[in-house]
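Spelled out from the first residue to the last, the chains are:
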Amino acid sequence: MAYDVNAIRKHFPALEGGAAHFDGPGGSQVPDVVGEAVSSTLCAAISNRGVVTAAERRADGVVREARQAVADLLGARPEGVVFGRSMTQLTYDFSRTLAKDWGPGDEIVVTRLDHDANIRPWVQAAEARGATVRWADFDPATGELSTASLTSLLTDRTRLVAVTAAGNLLGTRPDIPAITAAVREAGALSYVDGVHLTPHSPVDIAALGADFYVCSPYKFLGPHLGLLAAAPELLETLRPDKLLPSSNAVPERFELGTLPYELLAGTTAAIDFLAGLVPSEGTRRERLRTSLEALEAHEDALLRRLDDGLAALPRVVRYGSPQRRRTPTVLFSVTGSTPQAVYEHLASRGVNAPAATFYAIECSRHLGLGEAGAVRAGIAPYTTAAEVDLLLNAVTEL
């Protein structure tokens, strides 16, 4: 069945404000069912998890349902799903835990394509343990991170490779299966940032080969928190710092304090909403694949419309032209106007497309954009062709 964007938009109260939201890469708008799930959970009788009272059972059910929903979304196992305040917080936690076994002579690999949340925690953890950091560069002309640019850095001393599944500034999608296969062959672990990929494409962790995969529900129509998925057997080998009386079970040993039950309920609702973007039959995992494939087709068509429209404007400079598939994200500037001025002009026309480095500071510097960055326009499940045209018309006015 065809992707009906107008029917989908009716579930987003925020869109009633009239703005065209191209700011989804920084956080998507939220459908009504997610807000309702958060509210109803907050207002229900709920307590710490347990099996005696109804409130305890409700809390336990919310957590179990959220782990299963994430497992269905990512092709993971629910007992390998860890929740945290944000992807950044989880990555810092895991970098400290994994670095306990690092020392002088050990090496980690990071890339300049990544969001700083998948760079700085590893760099700082390596520095604290005396390990060496090796950097993989991407081609600033194309935005491509070649497999060889990363795998050529692997040695028998490599302990971990941190790499993005999709660059949040350029939308570049490296060949993650090829990279993780090489990492595994070298005897190292892979930590894959899926924050920018998950909202736009079906994800199968096994196919990607990621040892650790992290993403953020608020980028795929959900509430503000982060999550990590890994094989439970791998998590069993790790000993994070934790409170003495807190559970030592996996995945609970990685979750500090009481979980935000209302946000977990919102995450489940967001995943269920994604599974219903187009009507289909089957398990939730099967319906998610059908819906996300339809979403990809919708977003790819709008990306071509946006990219072609910007290419036709003589003062517009677009950054990166990956030959492989990319997420529906465009980074651009306008000659003669600062990124901030373009951002403010677009906002005055009802178009939300901010300008910055968006925490991909190494990427921005490697592109020659420095601390100012450029304007980023991202397409989301609720974006329409008319909104793309609105953005293009607003840029034409500059």
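As a reminder, the structure under discussion sits directly above these lines.
Per-chain numbering applies: the sequence of each chain, read as written, is numbered from 1 onward. Given that the model is predicted, a residue must reach a pLDDT of at least 70 before its local features are reported, and side-chain atom pairs must reach 80 or more before they are shown or counted; all residues, however, enter totals for whole chains, interfaces and linings. As a rule here, side-chain values cover all heavy atoms of the structure and leave hydrogens and water aside.

Turning our attention to the overall build of the chain. Within the chain one finds 14 helices and 13 strands. Note on method: radius of gyration uses C-alpha positions; expected globular size equals 2.2 Å times residues raised to 0.38. The C-alpha radius of gyration of the chain comes to 21 Å, within 12% of the 21 Å expected for a compact globule of 398 residues. In terms of overall dimensions, the chain has a C-alpha envelope of 60 × 55 × 35 Å along the principal axes. Between buried and exposed lies partly exposed: a residue is buried under 20% and exposed over 50% of the maximum accessible area for its type, with that area taken using a 1.4 Å probe on protein chains only. Out of the 398 residues in the chain, the part that is buried amounts to 57%. Partitioning the contacts of the chain with sequence separation of at least 6, the portion at a separation of at least 24 is 68%. Entry remark: accessible area of the chain is about 15,900 Å², with carbon and sulfur atoms responsible for 52%. Only DSSP runs of H or I with at least four residues qualify as helices, and only runs of E with at least two residues qualify as strands; both kinds are numbered from the N terminus onward. Contact between two residues is taken to exist if any of their heavy atoms lie within 4.5 Å; hydrogens are not considered. A 1.4 Å probe and the Shrake-Rupley method give the accessible areas. Residues count as covered only by the protein chains that appear here.

This part takes up the sheet that holds strand S9 (residues 316–318). Think of it this way: DSSP has to see at least two bridges between two strands before they count as a pair. What the 4 strands build is an open sheet, ordered S9-S10-S13-S12; its pairing is antiparallel. Edge positions in the sheet fall to S9 and strand S12 (355–356), since each has one partner strand and no second. Sheet topology places S9 next to strand S10 (residues 329–334); 3 bridges connect them, and they run antiparallel. What sits directly across from Arg318, in S10, is Phe332. Here the axes come from fitting lines to C-alpha atoms, over the contacting stretch only for helices, and the angles between their N-to-C directions go from 0 to 180 degrees. In this fold helix H11 (residues 284–311) packs onto S9, S10 and strand S13 (374–378), with an angle of close to 15° to the strand it touches most, S10.

Here we come to helix H14 (residues 385–396). Spanning 12 residues, H14 covers 17 Å between terminal C-alpha atoms, matching the ideal 16 Å at 1.5 Å per step. Buried within H14 we find Glu387, Val388, Leu391, Leu392, Ala394 and Val395. Buried residues of H14 fall within an arc of 160° about the axis and therefore sit on the same side. An expected span of 1.5 Å times one less than the residue number is assigned to each helix. Note that the arc is computed from the directions linking the helix axis to the C-beta atoms.

Right, let's get into the packing of aromatic side chains. Two rings belonging to Phe, Tyr or Trp (six-membered ring only in the last case) form a pair when the distance between their centres is within 6.5 Å. Interplanar angles under 30 degrees mark stacking, angles over 60 mark edge-to-face geometry, and anything in between is tilted. According to the stated counting rule, one finds 7 aromatic pairs in the structure shown. Seen in terms of ring centroids, Phe94 and Phe254 are 4.9 Å apart; in terms of plane orientation they differ by 15°. Their pairing is stacked. Taken together, the residues span a long stretch of sequence, with Phe94 in helix H4 (residues 87–99) and Phe254 in the loop between helix H9 (232–236) and helix H10 (261–275) at a distance of 160 residues. Judged by relative accessible area, which is 1%, Phe94 ranks as buried. Taken together, the ring pairs in this structure connect Phe94, Trp102, Trp122, Tyr191, Phe212 and Phe254 into an aromatic cluster. The rule for a charge over a ring is simple: NZ of Lys or CZ of Arg within 6 Å of the ring centre, and within 35 degrees of the ring normal. Cation over ring: Arg376 sits above Phe358, and NZ or CZ is 3.7 Å from the ring centre.

By the secondary structure assignment, Asp23 is in the loop between strand S1 (20–21) and helix H2 (32–43). The class of Asp23 is partly exposed, set by a relative accessible area of 21%. Between the C-alpha atoms of Asp23 and Gly222, which are 199 residues apart in sequence, the distance is 15 Å. Reaching out from Asp23, the side chain makes a polar contact with the side chain of His21 at a distance of 3.2 Å. A 3.5 Å cut-off defines polar contacts: any pair of N or O atoms within that distance qualifies, except that in protein one atom must be a possible hydrogen donor and the other a possible acceptor, and neighbouring residues in sequence count only when both atoms are side-chain atoms.

By the element assignment, Thr384 lies in the loop between S13 and H14. Beyond its immediate sequence surroundings of up to four residues, Thr384 is in contact with Val5, Arg9 and Leu302.

Along helix H5 (residues 120–129), the residues that are buried comprise Pro121, Trp122, Val123, Ala125 and Ala126. The first or second residue beyond H5 is Gly130, which carries a positive phi of 80°.

As a further point, take the pairing of strand S8 (residues 226–230). With 5 of its 5 residues buried, S8 lies for the most part within the structure. The two faces of S8 match: Gly226, Leu228 and Ala230 on one face and Leu227 and Ala229 on the other face are all buried. With 4 bridges connecting them, strand S2 (residues 81–84) and S8 associate as antiparallel partners. Its bridge partner being in S8, Phe83 is matched across the sheet by Leu227.

At a closest axis distance of 7 Å, the pairing of H10 and H11 adopts a crossing angle of 60°. With respect to H11, the axis of H10 lies oblique. Of the residues in H11, those in contact with Thr268, Ile271, Asp272, Leu274 and Ala275 of H10 are Arg284, Arg287, Leu288, Ser291 and Leu292. Of the residues assigned to the contact of H10 with H11, the class counts are 5 nonpolar, 2 polar and 3 charged. Should an angle fall under 35 degrees it is called roughly parallel, over 145 degrees roughly antiparallel, and 65 to 115 degrees roughly perpendicular, with every other angle called oblique. In this count, Pro and Cys sit with the nonpolar residues alongside Ala, Val, Leu, Ile, Met, Phe, Trp and Tyr, while Asp, Glu, Lys and Arg are called charged and the others, Gly among them, polar.

One way to put it is that H4 packs onto H5 with a least axis distance of 9 Å and a crossing angle of 25°. Viewed along their axes, H4 and H5 adopt a mutual orientation that is roughly parallel. Where H4 crosses over H5, the two elements pack in a sense that is right-handed. Note on element contacts: H5 touches H4 through Arg120, Pro121, Trp122, Gln124, Ala125 and Arg129, opposite Thr91, Tyr92, Phe94, Ser95, Leu98 and Ala99. In this scheme the handedness of a crossing depends on how the near helix is turned from the far one: anticlockwise by less than a right angle means left-handed, clockwise means right-handed.

Time to look at the nonpolar core. Working definition of a nonpolar core: buried Ala, Val, Leu, Ile, Met, Phe, Trp, Tyr and Cys residues. They are joined through side-chain atoms within 4.5 Å. By size, the foremost hydrophobic cluster in this structure holds 74 residues, and its most contacted members are Leu74, Phe83 and Tyr213. Per-element accounting of this core gives the leading share, 9 residues, to H10. When residues no more than four places from it in sequence are discounted, the contact partners of Tyr213 are Leu74, Val192, Gly194, Leu197, Thr198, Val203, Ile205, Leu208, Leu227, Leu228 and Ala229. Within the second largest apolar cluster, 29 residues are counted, among which are Val110, Ile119, Leu160 and Val250.

These figures capture arrangement, not role.
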